[in-house]
Amino acid sequence: MVIGATGQLGRPTVDALARDGWEVTATSRGGGRDEGWPEDVRAVRLDRADDPALAAVIGDGCDLVVDMVAYGAEHARQLTSLADRIGSAVVISSASVYEDGKGRGFDTQEEPDGFPEYPVPVPETQPTVAPGEASYSTRKASLERGLLAAGDRLPTTLLRAGAVHGRHSPLPRELYFVKRNLDGRGTRVLAHGGESRFHPANACNIAELIRLAAIRPGSRVLNACDPQAPTVAEIGAAIDEVMGARLDTVLLDGPPPSPSVGSTPWSVPLPVVLDVTAAARELGYRPVVSYAESLPATVDWLCARLAGRDWRERFPLLAQVYPDLFDYAAEDAWLRASR
């Protein structure tokens, strides 16, 4: 059973499992289907907050539960309460649970000197934030603690995903470059010298990790990312190549001069690069697609989604997290002043 089957990660995961021979029940709030799924995939409407409904779908039992949307201690308790009816689980977590040697994590990055200084690359043994209810990161840490504590009853693979990308994304970071190209912008500005690295994770690569974990059940934590972590300047250049665009790039030393200038969804002052050797060692993980190889499908999907529509209407979560992403007036004013 896949919970959150029609989301960005659920779609390729259902497809990968079904084609690997699993009998898949795909659950989502809308109960919909992806047009690419095999016909024998069973689609079911489910609100995962409804405990009796979840138990009813699991029924007498299932060999595997894949949970794309688990979040917090309550979902850990929900899954472990059904441990006697679940063979094993694969649950999506996040790299945001990591903290550095000074106790700094993603939740402290807005404070003075607050951005964490992680080792490069970050192994799964890196300390994590304290579990709690205060933030996304602490709630993901609570989820992990609860599931790992029940590992003897419910073997669970926790996948700490990086910056997820690909089609059907509610938070498509690539739009930063795609929309600028569509709008005919001649210049773009990148802070931190364009060297920011925030490790991407293609949805199809995560689906491959889930497929491998499904046939090798265990209680473990693994980083889930692409084989490489390109810089933001390299990402922009790769998208330009796909779109046949030519732009001048202004590289700034140091942080963005304002939230509207030079800041991208990958702009971090220090690299966030995850170590994926454990996934290769334990599961035989080999990424099915590189970042550059995945871009044509992502760019096509983004262009079709925009199609003359307001980007904030099409991607409300992106607009909420990055409200100043396309403030061209502020960008132009800064460019005029700097020249």
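Rules behind the numbers
- Residues numbered from 1 in each chain as written.
- Predicted model: local features only at pLDDT ≥ 70, side-chain atom pairs only at ≥ 80, totals over all residues.
- Heavy atoms only, no water.
- Helix = DSSP H or I, 4+ residues; strand = E, 2+ residues; numbered from the N terminus.
- Rg over C-alpha atoms; globule rule 2.2 N^0.38 Å.
- Buried < 20%, exposed > 50% of the residue type's maximum accessible area, 1.4 Å probe, protein only.
- Contact = heavy atoms within 4.5 Å.
- Areas by Shrake-Rupley, 256 points an atom, 1.4 Å probe, with all protein chains shown as cover.
- Lys, Arg positive; Asp, Glu negative; His and termini not counted.
- Charge placed at Lys NZ, Arg CZ, Asp CG, Glu CD.
- Pairing = 2+ DSSP bridges.
- Axes fitted to C-alpha atoms, helices over the stretch in contact; angles between N-to-C directions.
- Polar contact = N/O pair within 3.5 Å; in protein donor to acceptor, adjacent residues only side chain to side chain.
- Arc of directions from axis to C-beta.
- Core = buried A, V, L, I, M, F, W, Y, C linked by side-chain atoms within 4.5 Å.
- Disulfide = S-S within 2.5 Å.
- Salt bridge = Lys/Arg side-chain N within 4 Å of Asp/Glu carboxyl O.

Novice: Where do I start with the overall build of the chain in this structure?
Specialist: When helices and strands are counted, the chain shows twelve helices and eleven strands. Relative to a compact globule of 339 residues, whose C-alpha radius of gyration would be 20 Å, the chain shows 20 Å and is just as compact. Projected onto the principal axes, the alpha-carbon positions of the chain cover approximately 70 × 45 × 35 Å. Looking at the chain as a whole, 55% of its 339 residues qualify as buried. The long-range share in the chain, meaning contacts at least 24 apart out of those at least 6 apart in sequence, stands at 76%. Approximately 14800 Å² of the chain is accessible, and the part contributed by carbon and sulfur atoms is 49%. The centroid of the 35 positive side-chain charges in the chain is displaced by 2 Å from the centroid of its 46 negative side-chain charges.

Novice: Even after reading the chapter, I still don't get the sheet that holds strand β6 (residues 156-161), so can you show me in this structure?
Specialist: The pairing of strands in a sheet comes from backbone hydrogen bonds and takes either a parallel or an antiparallel form. Read from one edge of the open sheet, seven strands run β3-β2-β1-β4-β5-β6-β10, paired in parallel fashion. Of all strands in the sheet, those with a lone pairing partner are β3 (42-45) and β10 (220-224), marking the two edges. Sheet topology note: the strand β2 (residues 25-28)/β3 ladder contains four bridges and is parallel. Among the inter-strand pairings, Thr 27 is bridged to a residue of β3, identified as Val 44. The strands touched by helix α1 (residues 10-19) are β1 (2-3), β2 and β4 (62-67); relative to β4, the strand with the most contacts, the crossing angle is about 155°.

Novice: Help me understand the side chain of Thr 27, please; the structure alone is not making it clear to me.
Specialist: Note that Thr 27 resides in strand β2. Take Thr 27: its relative accessible area is 1%, and that puts it in the buried class. When residues no more than four places from it in sequence are discounted, the contact partners of Thr 27 are Met 1, Val 2, Ile 3, Gly 4, Ala 5, Val 44, Leu 46 and Val 57.

Novice: Can you help me understand the environment of Arg 220 in this one?
Specialist: In this structure, Arg 220 sits in strand β10. For Arg 220, a relative accessible area of 13% corresponds to the buried category. Put simply, Arg 220 and Glu 282 are 62 residues apart on the chain and 9.5 Å apart in space, counted from C-alpha to C-alpha. Each residue touching Arg 220, except ones within four places of it in the same chain, is listed here: Leu 148, Thr 156, Thr 157, Leu 158, Ala 213, Glu 282 and Leu 283. Among the polar contacts made by the side chain of Arg 220, one reaches the side chain of Glu 282 at a distance of 3.2 Å.

Novice: Is there a simple way to explain helix α2 (residues 51-58) in this structure?
Specialist: Working note: α-helix, 3.6 residues per turn, so residues spaced by three or four point in the same direction. Every buried residue of α2 is listed here: Leu 54, Ala 55 and Ile 58. All buried residues of α2 project into a common sector of 100° when viewed along the axis, lining one side. α2 presents Pro 52 and Ala 56 as exposed residues on the side facing more than 90 degrees away from its buried surface. On the buried face of α2, the contacting elements are β1, β4, α3 (73-80) and β5 (86-94). Note on α2: the residue one or two positions beyond its end, Gly 59, has a positive phi of about 60°.

Novice: Hey, could you run me through the nonpolar core in this one?
Specialist: Across soluble globular proteins, nonpolar side chains show a tendency to be buried alongside one another. Counting 37 residues, the largest nonpolar core has Leu 175, Phe 177, Ile 239, Trp 266, Trp 311, Phe 315 and Leu 318 as its most contacted members. Only α5 (175-182), α7 (232-243), α9 (291-306) and α11 (316-321) provide two or more residues apiece to this core. In terms of residue count, the dominant contributor to this core is α9 (six residues). Counting residues in each nonpolar core, the second largest holds 32 residues, with Ile 92, Ala 201, Ile 210 and Ala 224 among its members.

Novice: What should I look at first to understand the state of the cysteines in this one?
Specialist: What we call a disulfide is simply a covalent bond connecting the sulfur atoms of a pair of cysteines. With the rule as written, the count across this model stands at zero disulfides. Cys 204 carries a free sulfur, and the closest cysteine sulfur to it, the one in Cys 225, is 15 Å from it. No disulfide involves Cys 303; its sulfur sits 18 Å from the nearest other cysteine sulfur, which is in Cys 204. The partly exposed category is assigned to Cys 303, whose relative accessible area is 27%.

Novice: Looking at this model, I keep getting lost on the pattern of salt bridges. Mind explaining?
Specialist: For the coordinates displayed, the defined rule picks out 17 salt bridges. With a closest N to O distance of 2.8 Å, Asp 332 and Arg 185 form a salt bridge. Residue Asp 332 is found in helix α12 (residues 328-338), and its partner Arg 185 is found in the loop between α5 and β8 (187-190); the two are separated by 147 residues along the sequence. The partly exposed category is assigned to Asp 332, whose relative accessible area is 28%. Taking relative accessible area as the criterion, Arg 185 reaches 14% and is therefore assigned buried. The salt bridge involving Glu 282 is made with Arg 220; its shortest N-O contact spans 3.2 Å. One end of the pair, Glu 282, is in helix α8 (residues 277-283); the other, Arg 220, is in strand β10, and 62 residues separate them in sequence. The partly exposed category is assigned to Glu 282, whose relative accessible area is 37%.

Nothing here speaks to function; it is all geometry.
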